[in-house]
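Residue-level structure breakdown
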Amino acid sequence: MAQLWGGRFTKETDKLVYNFNASISFDKKFYRQDMEGSMAHVKMLAAAGILTEEERDDILKGIEGILADVESGKLAISDEYEDIHSFVEANLIDRIGDTGKKLHTGRSRNDQVALDMKLYTREELIAIRQEVFELIETCHSLMKEHVHTAMPGFTHLQKAQPVTLAHHIGAYMEMFKRDYDRLCDIYERMNYCPLGAGALAGTTYPLDREMTASLLGFYGPTLNSMDSVSDRDYVLELLSALSIIMMHLSRFCEEIILWNSNEYQFVEIDDAYSTGSSIMPQKKNPDIAELVRGKTGRVYGALMSLLTTMKGIPLAYNKDMQEDKELTFDAYDTVKGCLALFNGMLKTITFHPEIMERSAKHGFTNATDAADYLVNHGVPFRDAHGIVGRLVLYCIDKGISLDDMSLEEYKAISPVFEEDIYDAISLKTCIEKRNTIGAPGPEAMEKVIAFNEKWVEERRL
Ligand code: ARG
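Each chain has its residues counted from 1, running along the sequence as written. Where totals are concerned, whole chains, interfaces and linings use all residues; where local detail is concerned, this predicted model gives features only for residues with pLDDT of at least 70, and gives and counts side-chain atom pairs only at 80 or more. The side-chain quantities take in all heavy atoms of the structure and omit both hydrogens and water.

- As recorded by an unreviewed UniProt entry, the chain carries the name Argininosuccinate lyase and is attributed to Candidatus Anaerobutyricum stercoripullorum.
- UniProt positions are given in the numbering used here, feature names are shortened, and annotations may be inferred rather than shown by experiment. The heading Subcellular location (unreviewed entry) in the UniProt record of the chain holds the text "Cytoplasm".
- Per its UniProt entry, the chain bears the Sequence similarities (unreviewed entry) comment "Belongs to the lyase 1 family. Argininosuccinate lyase subfamily."

1. Comments concerning the overall build of the chain
- For the chain, the count of helices and strands is 19 helices and 6 strands.
- For 461 residues, the compact-globule formula gives about 23 Å, and the C-alpha radius of gyration of the chain, at 31 Å, lies well above that figure.
- Each of the three principal axes of the chain carries a C-alpha extent, and together these read 100 × 50 × 40 Å.
- Within the chain, buried positions represent 49% of all 461 residues.
- Taking the contacts inside the chain whose residues are at least 6 apart along the sequence as the reference set, 75% of them involve residues at least 24 apart. Helix numbering and strand numbering both begin at the N terminus, where a helix is a DSSP run of H or I of at least 4 residues and a strand a DSSP run of E of at least 2. We compute the radius of gyration over the C-alpha atoms and compare it with the globule rule, which gives 2.2 Å times the number of residues raised to the power 0.38. Remark: exposure states derive from per-residue accessible area (1.4 Å probe, protein chains only) relative to the maximum for the residue type, with buried under 20%, exposed over 50%, and partly exposed in between. Residue contacts follow a heavy-atom distance rule, with two residues in contact if any of their heavy atoms lie within 4.5 Å.

2. Remarks on the UniProt feature "domain: Argininosuccinate lyase C-terminal" (unreviewed entry) in the chain
- On the UniProt side, "domain: Argininosuccinate lyase C-terminal" (unreviewed entry) is annotated at positions that read residues 364-432 here.
- Structurally, residues 364-432 is divided into 65% helix and 0% strand, and its ends, taken at the C-alpha atoms, are 17 Å apart.

3. Focus: the pattern of salt bridges
- Any Lys or Arg side-chain nitrogen located within 4 Å of an Asp or Glu carboxyl oxygen qualifies as a salt bridge. Within this structure, the stated rule accounts for 32 salt bridges.
- With a shortest N-O distance of 2.9 Å, R95 and D69 are connected by a salt bridge. In this pair, R95 is assigned in helix α5 (residues 84-96) and D69 in helix α4 (residues 53-72), connecting sequence segments 26 residues apart.
- With relative accessibility at 36%, the residue R95 sits in the partly exposed group.
- Because the salt bridges share partners, they merge into one network encompassing K29, E124, D333 and K336.

4. A word on the site of the ligand
- Contacts to the ligand come from S23, H85, R109, N110, V113, Y317, Q322 and K325.
- Coverage of the ligand by the protein amounts to 86% of the 340 Å² it exposes when considered alone.
- Broken down by element, the shell around the ligand gets its largest block of residues, 3 residues, from helix α6 (residues 109-145).
- By the convention adopted, Pro, Cys, Tyr, Trp, Phe, Met, Ile, Leu, Val and Ala count as nonpolar, Lys, Arg, Asp and Glu as charged, and the other residues, Gly among them, as polar. In terms of residue class, the shell around the ligand is built from 2 nonpolar, 4 polar and 2 charged. We call a residue near a molecule or strand as soon as one heavy atom of that residue lies within 4 Å of the molecule or strand. Throughout, the Shrake-Rupley method with a 1.4 Å probe supplies accessible areas, and for residues the shown protein chains are the sole cover considered.

5. What about the packing of helix α7 (residues 165-190) against helix α19 (residues 442-459)?
- Lines are fitted to the C-alpha atoms to define the axes, a helix being fitted only along its stretch in contact, and any angle between axes, read from their N-to-C directions, falls within 0 to 180 degrees. Look at α7 against α19: their axes get within 12 Å of each other, and the N-to-C directions meet at 30°. By the criterion of interaxial angle, the relationship of α7 to α19 is roughly parallel. In the crossing of α7 with α19, the sense of the turn from one axis to the other is left-handed. Residues A166, H167, M173, E174, K177, Y180 and D181 of α7 touch α19, and the partners they reach there are M445, F451, N452, W455, V456 and R459. If an angle is under 35 degrees, it is roughly parallel; if it is over 145, roughly antiparallel; if it lies from 65 to 115, roughly perpendicular; otherwise it is oblique. With the far helix as reference, a near helix turned anticlockwise by less than a right angle produces a left-handed crossing, and one turned clockwise produces a right-handed crossing.

6. A word on unusual backbone geometry
- A cis amide bond, omega 0°, links L315 with the succeeding residue A316.
- One non-glycine residue, L157, adopts positive backbone phi at about 55°.
- Assignment of secondary structure puts L157 in the loop between β1 (150-155) and β2 (158-164).
- Its identity is not glycine, yet F364 carries a phi of approximately 55°, on the positive side.
- Inspection of the secondary structure puts F364 in the loop between α13 (353-361) and α14 (367-376).

7. Quick look at the pairing of β2
- Where β1 meets β2, 6 bridges bridge the pair, whose relative direction is antiparallel. The partner of F154 across the bridge, within β2, is K159.
- Between any two strands, at least two bridges found by DSSP are needed for them to pair. Taken together, β1 and the strand that follows it, β2, pair antiparallel across an intervening segment of 2 residues, in which H156 is found at a positive phi of about 55°.

8. Concerning the UniProt feature "domain: Fumarate lyase N-terminal" (unreviewed entry) in the chain
- Under the present numbering, the feature "domain: Fumarate lyase N-terminal" (unreviewed entry) in UniProt falls on residues 7-301.
- The span residues 7-301 shows a helical share of 61% and a strand share of 6%, and its end C-alpha atoms are spaced 39 Å apart.

The following block contains the structure:
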């Protein structure tokens, strides 16, 4: 048991209490950020005249040594310390002696842990944003490739109107673009430094908070010391953005699972991203898509857990807040992993355009276009809707599609129909005529793709 306090205690901490209280098993994850924060703090202390330059250099060398040894595996972060802050300080004192005891001048673990969590979260946000960007690039190139790949569009999982694969993927492209921009928004709001807030009320030392903020790449210091040590809004914002990302991935996965099924056969997931069955030799299962869909729950769980933890906490720091870490870290890792795997799966998937096109031709996806044909010939839309409804019923009865009906059959239901009905309801026309911006028509699609091209280029790192 190694802890930073004990002066005012007359008894050892109960072992169970110690273990319950300790956080090293999970806060060791941000050992690097903890040491980076300490190094910035020490540089500032020296600049403010609180430490001598010699003390600063000794401490910096000491921390650099600890960092190098941890990274090379020479020094293990053992669970005998209460938390990562105690581990670093104890090791520093071991290495450089009494000067090491000055590291914590003008600082509390409350502002220290607030800083560590923020530095760690900021890096994770950037890494996740990069994964989202790479997925966006995959969607963008698939869109360029499939402007003319027809497929059925669905509502209520019933065939509705024909669209294209570019259009369908374009819907996810919009979602992922929003996800990306949401992450940027969060970054802008969170990038202020809590270091210097002390336990809750700042310090009496002449700390230069602007300096530590700038050394650590923040826009500036946070403006209220009580808020600084007890704010986890940025974690909640990120977890909520991550929950939305997982919801998007989960929906896309659900579609891929359907498309990959025997019934649809729109796609085939690559062997490298599929798994087999231990009993049924014919099976090739979409486990990766299912797992991504399944993991959505744990990311939502992390968000719910932290919201619940935070809801009753009085100002300022309370130990409840130690619960901000484990599920959050798990959510960061989960989302990064899911994005990378999903992107790999999407990049290697084989689309079957002929099957998609055949499917688009059946199921009366051109019924609206037949009604629009009548409208263009002067029939009010509501009457046209009724006439085409009767056509569909007639076709279902005969087991044929609208394209298979003879002109006589058309005319028997409405004399307005002429020879040009066949062209008006052909799959090609149905798609090509839909050219308002945002629609699947190739002209509209090309405009959106050009817009996306710019969007991607502007954000390429
Ligand atoms: N392990 C603690 C946490 O994660 C660090 C802060 C401890 N502060 C304190 N006053 N006990 O929140």
